Amino acid sequence: PPGGTPPEPPPAVTVQQVPLAAAGNEVIAAPLAASAMESAALASTSGGTAVTAVAPTADLPADQVAKGASDGASRVVTIPRCLLPACETAADLLQCNPLPAFDKTRYAAKKKLIAAASKRLVGDMYGLPFPQTPEEMFEKAEFGCGWLTKAFHRVGTLQEGNSVKRIVSWRRFEGGGSGPKAEFELEYERPDGPLDTRLFVKMPFPLEENEGQRWLQEGKGTFGDNFGGEVLFYRYLSPHTPFPTPKFYFGDVCRESTEAILINARVDWPERGTIEFSNNEVFPPCGKCEDYLLTNPEDYYFAVVRRLGTFSGLAKAGKLGPENATLNWFNCGPTNDVNCMPGLQCELGAKAFIEQVAPHWFPAKARTSAFLSNFVAKFQDFDQSQDSGRVAQFLYADPLYVGLHHQNGNSDNCYFYRDSTGKINAGVLDWGSTAPMSYASGLMGTTIGAQAEMLAAHDEGMVRAWADAYNAAGAPRMDVAELLLRYRLATCINAYCIFGTVDRMRLRDVAALFKTLPAYNCEDIRKDFGNRFNMSMLYNRILLFILKGDYYWSALPEMLKRRGSR
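Let us look at the structure shown here. Numbering of residues begins from 1 in every chain and follows the order in which that chain's sequence is written. The predicted nature of this model means local features are confined to residues of pLDDT at least 70 and side-chain atom pairs, given and counted, to a pLDDT of 80 or more, with totals for whole chains, interfaces and linings taken over all residues. The side-chain values count all of the structure's non-hydrogen atoms but skip hydrogen atoms and water molecules.

## So, the overall build of the chain
Every helix listed is a DSSP run of H or I at least four residues long, and every strand listed is a run of E at least two residues long, numbered separately from the N terminus. Along its length, the chain carries 18 helices and 13 strands. Using a 1.4 Å probe on the protein chains alone, a residue whose accessible area is under 20% of its type maximum counts as buried, one over 50% counts as exposed, and one in between counts as partly exposed. For the chain, the residues scored as buried account for 56% of the 566 residues in total. Put simply, 75% of the contacts in the chain that link residues at least 6 apart link residues at least 24 apart. For every accessible area listed, the method is Shrake-Rupley and the probe measures 1.4 Å; residues are considered covered only by the protein chains on display. Carbon and sulfur atoms make up 52% of the accessible area of the chain, which amounts to about 23,100 Å² in all. Contacts are assigned to residue pairs that have any heavy atoms within 4.5 Å of one another.

Right, here's the structure in full:
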């Protein structure tokens, strides 16, 4: 993927000259409503993959647009639809049944989940049955084109009188850990400009593919309301979201059987091997915990936190639609926030990992007795405070610092491009487990796949960028210093929880193996998704505290002093 800071001057947007009356181009001239909207006049082209935009932007000043129109031609910029604000591309959605609240205690026993998931029920919102795998969806007679037509009609993404004519192609999409996914292409009976033909579907793991993961994610809600939070976002909030996110086509959840499905427009990823990009062209996707492949990864994270700050600010200000306040969001709090879970003597596991398992991964400073003694002592203080719940309770005590947030805004859950000014910007996807939560916890969750060196250099700037976007959205103003304190606390308790992964290793058995692994991101680790994810988080969180531990650890005495306790 391309790097961060653009050359000077930034690459020019590709602009073509077309007559105003050219067939297939409905060109509309209009001023920008607001910079956040990122688009002005929109006209659809066939296939649903791009629009023609004419606007007084940095690339098309108002005088140039007027001049072009006066001589019978206008300059137009072709922008992929996936880079337009979601509020501009959303269909006029029909009413549906409300999604019931998620009950985290309902399937505490796995056998109850297995019995319920075997029932094959219908969705709570739209009343349709679920395909449980891509193979069922595209190859079984009870699903296929007929089911897709009915599903899109129920939502309002496909007009009555139109239908899905055929499934042109489909393939499983390998990646992520939430269940089977597929990319597919459709042909409609009556092609229509606003209709996307290339779509994406995701589902929970069926029991036969991963029974344990289905129970943990959809039954116990270990990470929150995974599919429920995402479906609620796309159905109700994305039509009011002023930045790019994939267009919603269908989604539903059955609370009893834990079946679910989500269908969105597919991001226009570039051809494999593409390395040069103009403005408004999507970069290749980022891999999970592979930010070391990016040049200037901070540019990508600043783009993400600005989007998420805008989202949270709009939600807090009541600007994400009239239904938001009535939706059954997951009840995230100090006792069930996955990013605030307590550990048990996890500092000793991290110390053993540095000393016994992978000492060659870390700088010499980390292997000194002075550093390791201080590392253990500081995290023992956090262990004691977190065991009593004081830190998590503090993060949720002030409602000003709690609100709707994306739980997992990592770089692999976004797509990136240079906007019309040449600046890296982001579209956001994978809204699983979206819920009201501690903003500090949500912000910290955005960084769990980040490199420690980048975070140590840019953590404060990223938090400030989030807060600036939040405040600019019209939300009640917050104190950035207070948010930074909470972010540091959230980072400490989540790092402590991540260190607990060492306790699940058989250190005596793995020490010899790790001697053969030169780095946390070597090929033997990268090729396994679980190992890549776990080792990257563990290594980079340890390294962050090697690089900047005092900055984060000092948040605890600051909090305790404020609370008048030790």
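Still more ground to cover, so stick around.
## Quick word on the side chain of Arg-81
Residue position: Arg-81 is located in the loop between strand S4 (73-80) and helix H2 (86-89). Residue Arg-81 is classed as buried on the basis of its relative accessible area of 8%. Within the structure, the side chain of Arg-81 is placed 2.7 Å from the backbone oxygen of Gly-193, a separation counted as a polar contact. In protein, a polar contact requires one atom able to donate a hydrogen and another able to accept it; more generally it is a pair of N or O atoms within 3.5 Å, and residues adjacent in sequence count only if both atoms are side-chain atoms.

## Some remarks on the nonpolar core
As a rule of thumb, nonpolar side chains are buried together in soluble globular proteins. For this analysis, a nonpolar core means a set of buried residues of the types Ala, Val, Leu, Ile, Met, Phe, Trp, Tyr and Cys, connected via side-chain atoms within 4.5 Å. Core analysis: the biggest nonpolar cluster contains 160 residues, and Phe-152, Ile-263, Phe-353 and Trp-361 have the highest contact counts within it. Considering each element in turn, this core owes the most residues, 13 residues, to helix H14 (residues 480-499). Once residues lying within four places of it in the same chain are set aside, the contact partners of Phe-152 are Thr-157, Leu-158, Val-164, Leu-186, Tyr-188, Leu-199, Tyr-249, Phe-250 and Ile-263. Residues Tyr-107, Leu-113, Ala-117 and Leu-207 belong to the second largest nonpolar core, which totals 6 residues.

## Description of the pattern of salt bridges
By salt bridge we mean one thing: a side-chain nitrogen of Lys or Arg within 4 Å of a carboxyl oxygen of Asp or Glu. One pass over the structure, following the stated rule, counts 24 salt bridges. Arg-120 is the partner of Glu-136 in a salt bridge, and the nearest nitrogen-oxygen pair spans 2.9 Å. Placement of Glu-136 in helix H4 (residues 134-139) and of Arg-120 in the loop between helix H3 (110-117) and H4 is noted, with a sequence separation of 16 residues between them. Classification of Arg-120 by relative accessible area gives partly exposed; the value is 37%. Residues joined in a network through salt bridges with shared partners are Arg-120, Glu-136 and Glu-259.

## Points about the packing of aromatic side chains
Working definition: a ring pair exists when centres of Phe, Tyr or Trp rings (six-membered ring for Trp) sit within 6.5 Å. Plane angles under 30 degrees give stacked, over 60 give edge-to-face, the rest tilted. One pass over the full model with this rule turns up 41 aromatic pairs. Between Trp-361 and Phe-514, the ring centres sit 5.4 Å apart and the planes meet at 55 degrees, which makes this aromatic pair tilted. Of this pair, Trp-361 sits in the loop between helix H9 (346-357) and helix H10 (369-387) while Phe-514 sits in helix H15 (residues 507-514), and the two are 153 residues apart along the sequence. Each member of the pair, Trp-361 together with Phe-514, is buried. Ring geometry for Phe-371 against Phe-375: centres 5.7 Å apart, planes inclined by 40 degrees, an arrangement best described as tilted. Of this pair, Phe-371 and Phe-375 both sit in helix H10, 4 residues apart, which is roughly one turn of the helix. Grouping residues by exposure puts Phe-371 and Phe-375 together as buried. Through a chain of ring-to-ring contacts, the aromatic side chains of Phe-371, Phe-375, Phe-379, Phe-382, Tyr-487, Tyr-496, Phe-499, Phe-545, Tyr-551, Tyr-552 and Trp-553 assemble into a single cluster. A ring has a charge above it when a Lys NZ or an Arg CZ is no more than 6 Å from the ring centre and no more than 35 degrees off the ring normal. The ring of Phe-394 has Arg-486 lying over it, and the distance from NZ or CZ to the ring centre is 4.4 Å.

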